[in-house]
Amino acid sequence: MRLALLGAPGSGKGTQAKLVERSFGWPQISTGDIFRKEISNGTEIGKEAARLMDQGMLVPDEVVNAIVRKRLSAEDVKIGFVLDGYPRTVPQAEALDASGLGPELVVQLSIDKDELIARIGGRLTCSLCGSMFHATAHPPREAGSCDRCGGSLKRREDDGPETVLRRLEVYERQTAPLVGYYDQKGVLVELRTGTAGPEEVFQELASLLKSRAPGWTWQKKKA
Ligand code: AMP
């Protein structure tokens, strides 16, 4: 199953992609996570990405496309994958289609702008395993540490109020046109998440995936 999650920053793509990976076994491919790793490794790509991410801007299509092409050539994604944060522009979607690995299903996570801003404002990510929490909506059992692995919880550098507004603008301008792009191809499904919590949204997503993909391989990942 080649699945892509589409949605504004804060719509829950990362959280849902992790839950899909855990339940269905399709690896999550998060371009944002790939760039954050490049940044912490101090690579040239990381340096360029950091400058753009800090401003809420997108990394150039050629750079992202090359990274994703390489990731999609690995053995573990042969059973399927869940794209989180890619494609983010029409040229990226075209490049993916041209590689023969365009998504069979695109789930658009849609949510009100006010809710997005509230969610991003309290978002906390584990610096070790990437699990996500929220200061009020989904707080960790122990403040500052991850329920799953005990790693320290951090706020993302680009989650500050000014950068978030820029990221939302960039989403509207460069990413939202993908809704029409995939709708025309007949692969788009919209999931209105409203104020539902991550588990509730996942229940809907999982039943959608099972109904859409009865014959696709899926396996539960061992905890
Ligand atoms: P995310 O974690 O998906 O919110 O991504 C964080 C940041 O990484 C974005 O604001 C962009 O600067 C960069 N980024 C991630 N994915 C892409 C992409 N597909 N195209 C361009 N830039 C990206």
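As shown above, the structure is provided for reference.
As the structure is a computational prediction, the values presented were derived from the model and not from experiment. (Residues numbered from 1 in each chain as written. Predicted model: local features only at pLDDT ≥ 70, side-chain atom pairs only at ≥ 80, totals over all residues. Heavy atoms only, no water.)

If you had to explain the overall build of the chain to someone new, which residues and values would you point to?
Broken down by element type, the chain carries 9 helices and 8 strands. Taken over the C-alpha trace, the chain has a radius of gyration of 17 Å; the compact-globule value for 223 residues is 17 Å, and the two agree within 12%. For the C-alpha atoms alone, the extent of the chain along its principal axes is close to 40 × 35 × 35 Å. Taking all 223 residues of the chain together, 48% fall into the buried category. Once local pairs closer than 6 in sequence are excluded, the contacts in the chain between residues at least 24 apart make up 71%. (Helix = DSSP H or I, 4+ residues; strand = E, 2+ residues; numbered from the N terminus. Rg over C-alpha atoms; globule rule 2.2 N^0.38 Å. Buried < 20%, exposed > 50% of the residue type's maximum accessible area, 1.4 Å probe, protein only. Contact = heavy atoms within 4.5 Å.)

Report on the sheet that holds strand S7 (residues 153-154), specifying residues and quantitative values.
Reading across from one edge, S6-S5-S7 is the order of the 3 strands in this open sheet, with antiparallel pairing throughout. What marks the edges here is a single partner per strand, and that holds for strand S6 (132-134) and S7. One ladder, built from 2 bridges, connects strand S5 (residues 123-126) with S7; its direction is antiparallel. Among the inter-strand pairings, Thr125 is bridged to a residue of S7, identified as Lys154. (Pairing = 2+ DSSP bridges.)

Explain the nonpolar core to me, and be specific about the residues and the numbers.
One finds Phe35, Val59, Leu72, Leu83, Val106 and Tyr182 to be the most contacted residues of the largest nonpolar core, which totals 25 residues. Breaking this core down by element, the ones donating at least two residues are strand S1 (2-6), helix H3 (44-54), helix H4 (61-71), strand S3 (81-84), helix H5 (90-98) and helix H8 (177-185). Here the element with the most residues in this core is H4; it accounts for 4 residues. If we ignore the near neighbours within four places in the chain, the residues touching Phe35 are Ile45, Ala49, Met53, Val59, Val63, Val64 and Ile67. (Core = buried A, V, L, I, M, F, W, Y, C linked by side-chain atoms within 4.5 Å.)

Now, about the sheet that holds strand S8 (residues 188-192): what can you tell me, with residues and values included?
The parallel open sheet is built from 5 strands, whose spatial order is S2-S3-S1-S4-S8. Either end of the sheet is taken by a strand with one partner, and the two such strands are strand S2 (28-30) and S8. Each neighbouring strand pair of the sheet contributes to a mean axis angle of 25 degrees, computed without reference to strand direction. As paired strands, strand S4 (residues 105-110) and S8 are joined by 5 bridges and run parallel to one another. By the bridge assignment, Gln108 is partnered in S8 with Glu190. (Axes fitted to C-alpha atoms, helices over the stretch in contact; angles between N-to-C directions.)

Got a sec to walk through the site of the ligand? Specific residues and values, please.
Near the ligand, the surroundings consist of 16 residues, among which Thr31, Arg36, Met57, Gly85 and Gln92 are the closest. Within the backbone of Val59, a nitrogen or oxygen atom sits 3.0 Å from a nitrogen atom of the ligand. When the free accessible area of the ligand is taken as 480 Å², the share hidden by the protein chains comes to 96%. It is helix H2 (residues 31-40) that provides the largest number of residues to the shell around the ligand, a total of 4 residues. In terms of residue class, the shell around the ligand is built from 7 nonpolar, 4 polar and 5 charged. (Near = heavy atom within 4 Å. Polar contact = N/O pair within 3.5 Å; in protein donor to acceptor, adjacent residues only side chain to side chain. Areas by Shrake-Rupley, 256 points an atom, 1.4 Å probe, with all protein chains shown as cover. Nonpolar A, V, L, I, M, F, W, Y, C, P; charged D, E, K, R; others polar.)

Provide a residue-level description of the packing of aromatic side chains, including the pertinent values.
Applying the stated rule across the entire model yields 3 aromatic pairs. Judged by centre distance (5.0 Å) and plane angle (90 degrees), the rings of Tyr181 and Tyr182 are edge-to-face. Accessibility assignment for this pair places Tyr181 and Tyr182 in one class, buried. One aromatic cluster is present, formed by Phe24, Trp26 and Phe202 through successive ring pairs. (Phe/Tyr/Trp six-rings, centres within 6.5 Å; stacked < 30°, edge-to-face > 60°.)

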